[in-house]
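Residues per chain, in single letters:
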Amino acid sequence: MKPRTRPSFQDILPRLIGFLFLALIPLVVLIPVTPVPCWLTEDLILRWTSSLTFLFCAFFLWKKTSAESIWDLGPADVIFILLSLWALFSASNSQQSFDSFYALKNLWVIILFWFSLRIIWKFGPPLYPLFSKIYWGTSAIAALWVFISTVARWPWLFPRLFENVIPREGFFTNSNIAAGFLGMALITALLRMLRKESVSWVAFLIVLAAWGLTQSRGAFLAMIVVVVVYAVLNMKEIEKTLNRWKPDQWKKFMAVVFLVIVASVPMVNRLFHALDMDPRAYFRVEVWSSAVHMAMAQPLWGFGPGTFGDVYPTYRSGFLWNTVTDFAHNEYLQVAAECGLPALLLTLLLLWSLLTRFHKSFAGISAFKTIGAQAQAAEFAFYMILFEAVHNAVDFTLHDWSHRLVLLGFITYALTKNQEGEDFKVALKLSFRAQMAAGALMLAVVLWVMGIGSFKDYLSQMYNLKSDYYLQTGDLDQAQMYAQKSIGCRPNNMYPWNTLGALEDARASLTKDPEQREKLFAQAKQDFDQAVSLSPYSLGIQENEVVDLVKRGRLDDAVDLEKHLIDKAPEDPSHYLGLSMILMKLHRPQEALTPIQQALDIDDYFVPACLLKAEILEALGKKEEALKAYTYAQSVLNQLHLKDTTGQLDPHIQQLQSEL
């Protein structure tokens, strides 16, 4: 009997690192991150975890190779590195540095995990089966909650008992992200079934039912593409197999098909009745059009990662002027708008490289026989990438960490096996001295950027949230203290500067001393200007500055700034309304009539513009036209089932009717 040997640190380290990654799967899926502090905390945890994982893996690889370090990079690795470098250049050229570098660090998290997992799967213990089980178990739990949270909202089953308690998307931030995550789980389960592996029918039915109840049209169409591609790739073998099937096999097959069809009914219903069930979904075409215009405006570097939400209002269509979106609902267009057309090209090349590589891994193997873990992971990754690639053409599910980590797990494991016949391969060899120098530099960069830097990002955001809270509650001193703390962590964060301008503006409004009041207004102007310099794309800051100028009585300056906003966003009627209101304060109603009509030309249901037009016409002595404008405003309110909150509409109509 051989004596038991104690495992060395070099043997334990990969296992600990692997378990650290595996623990993240249920963490990012089963813990809701809807409140802003929650997703900020999730980002921080993932950045720190990816950094520690990468550094441990780098140390392990250094110990493993001792005298020299060898990195073999395939086409996908090289393309991914080039994509990250292009995103870095895009962020460096962005005029909104804080948001751009914050978004860039999330991409770096993916890169760190990408190379860390390559090392874990290659040199560590066989953790892939455990990863696969954890993913399937997490999917089943998440699906059960999606099912419960959906069924509990059915009024005929629970008469509105849980309507305002349980969100329909379960643990996920929205139903499309839930559908994408559960759709990937369905793909793995169905592929296992086809290869005669055991799958829990209870868990499968729960996942299938929950996937259908999400009513995601994008996920449904993406799944159809996956099924069609699978059928085309395996057409000959499917035909031969079907000819040999016995009645029992046909019955099982028909049962599965029936269950899939029943589960898909809500999705199909939503697909064909989209106009009635979700009219806003048709706005996506206009959002995509705006994203195309953004991409063409700065085709090389884009506007910077993470800036879509601030830049979008400048390019959106006029009838969407009162909508807000942080995403293009198309990952490809968002990449092009934020990081430029070369980044889009690299993204498409990365997808093509992965799909062709993985297809070669299982091509030629029977579609109905059990295969090894490596080929299985490649098959899973192939169809999951295909599913996500199609789904993200109409949505933004890849922004969610639950999707990213699962895809990383399967992709990196499938890439660990060297494949012959690759287009190119890059081997990086370092001497011991170069290895030590590169390791020290890597350690410093990762700890500074992803460790300390991420913590400063987190503190800056959290302090700003506290500052906003105290500003809303009227505690201006506390609001100022936290805003200054936020700036102390990240001076390039425009949000606390905007908060400082707002609270100085509030103090000025409460001050009776004219001299002190002017000083506060001047300080607010400086803070707003600083915020604008850090985020020239954000129109909200300059809108606050217009309010500040009006309060100070500097109406001519307010007119100039409002005209500047109109030039930046000519399809936004609220700026024409603001310009007309300022001109009315300057007692220039004739000039005010033109912009208010332009506002109504964009949106003739814009009630404040309808009312202001009536007031302008009344001020010009055009009482008959003013009466028509007031009457039209009343009809718009009635059509929208709204009430006149001012209570002045009816008296104006009655007064004008009596005068006429």
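Now for a look at the structure at hand. (Residues numbered from 1 in each chain as written. Predicted model: local features only at pLDDT ≥ 70, side-chain atom pairs only at ≥ 80, totals over all residues. Heavy atoms only, no water.)

A few points about unusual backbone geometry
Here's step 1: A positive phi angle, near 60 degrees, is found at Lys-196, a position not held by glycine.
Here's step 2: Secondary-structure assignment places Lys-196 in the loop between helix 6 (175-194) and helix 7 (201-213).
Here's step 3: Relative accessible area serves as the criterion here: at 69%, Lys-196 is assigned to the exposed category. (Helix = DSSP H or I, 4+ residues; strand = E, 2+ residues; numbered from the N terminus. Buried < 20%, exposed > 50% of the residue type's maximum accessible area, 1.4 Å probe, protein only.)

Description of the side chain of Ser-116
Here's step 1: If you trace the backbone, Ser-116 turns up in helix 4 (residues 97-123).
Here's step 2: Of note is the side chain of Ser-116, whose polar atom sits 3.3 Å from the backbone nitrogen of Phe-54.
Here's step 3: For Ser-116, the side chain forms a polar contact with the main-chain oxygen of Leu-112, separated by 2.6 Å.
Here's step 4: With residues near it in sequence (within four places) discarded, Ser-116 still touches Thr-53, Phe-54 and Cys-57. (Polar contact = N/O pair within 3.5 Å; in protein donor to acceptor, adjacent residues only side chain to side chain. Contact = heavy atoms within 4.5 Å.)

What to know about the side chain of Gln-96
Here's step 1: Checked against the element boundaries, Gln-96 lands in the loop between helix 3 (75-92) and helix 4.
Here's step 2: Gln-96 sits in the buried class, given a relative accessible area of 2%.
Here's step 3: For Gln-96, the side chain forms a polar contact with the side chain of Ser-535, separated by 2.9 Å.
Here's step 4: Here Gln-96 is in contact with Thr-307, Asp-310, Leu-534, Ser-535 and Tyr-537, once residues within four sequence places are set aside.

Looking at the nonpolar core
Here's step 1: Counting 103 residues, the largest nonpolar core has Trp-211, Phe-358 and Leu-405 as its most contacted members.
Here's step 2: Here the element with the most residues in this core is helix 4; it accounts for 13 residues.
Here's step 3: In this view, Trp-211 contacts Ala-179, Leu-182, Gly-183, Leu-186, Ala-219, Phe-220, Met-223, Ser-264 and Met-267; residues no more than four positions away in its chain are not counted.
Here's step 4: If you look at the next biggest cluster of nonpolar residues, it comprises 40 residues, including Leu-539, Ala-558, Leu-577 and Ile-596. (Core = buried A, V, L, I, M, F, W, Y, C linked by side-chain atoms within 4.5 Å.)

Looking at empty space enclosed by the protein
Here's step 1: Scanning the model with the defined rule gives three cavities of 30 Å³ or more in all.
Here's step 2: Of the voids in this model, the largest cavity is the one considered here, and its volume is about 50 Å³.
Here's step 3: For the largest cavity, the full set of lining residues is Val-28, Val-29, Ile-31, Pro-32, Val-33, Phe-171, Phe-172, Thr-173, Asp-400 and Ser-402.
Here's step 4: Broken down by class, the residue content of the lining of the largest cavity amounts to seven nonpolar, two polar and one charged. (1 Å grid on protein atoms, 1.4 Å probe; cavity = no way out; pocket = protein on both sides within 12 Å on 5 of 7 lines; lining within 4 Å. Points joined across faces, edges and corners; volume = space filled by probe spheres on them. Nonpolar A, V, L, I, M, F, W, Y, C, P; charged D, E, K, R; others polar.)

Focus: the pattern of salt bridges
Here's step 1: Enumeration over the complete set of coordinates arrives at 14 salt bridges.
Here's step 2: Here Asp-556 makes a salt bridge to Arg-588, at a shortest N to O gap of 3.9 Å. Separated by 32 residues along the polypeptide, Asp-556 in helix 23 (residues 555-568) and Arg-588 in the loop between helix 24 (573-585) and helix 25 (589-602) bring together distant segments of the chain.
Here's step 3: Looking at Asp-556, the relative accessible area reads 51%, which means it is exposed.
Here's step 4: By relative accessible area, which is 28% here, Arg-588 ends up partly exposed.
Here's step 5: Here Arg-588 and Glu-591 are joined by a salt bridge, their closest N and O atoms 2.9 Å apart.
Here's step 6: Given the relative accessible area of 42%, Glu-591 is considered partly exposed.
Here's step 7: Overlapping salt bridges, with partners in common, bring together Arg-47, Lys-105, Asp-457 and Arg-490 in one network. (Salt bridge = Lys/Arg side-chain N within 4 Å of Asp/Glu carboxyl O.)

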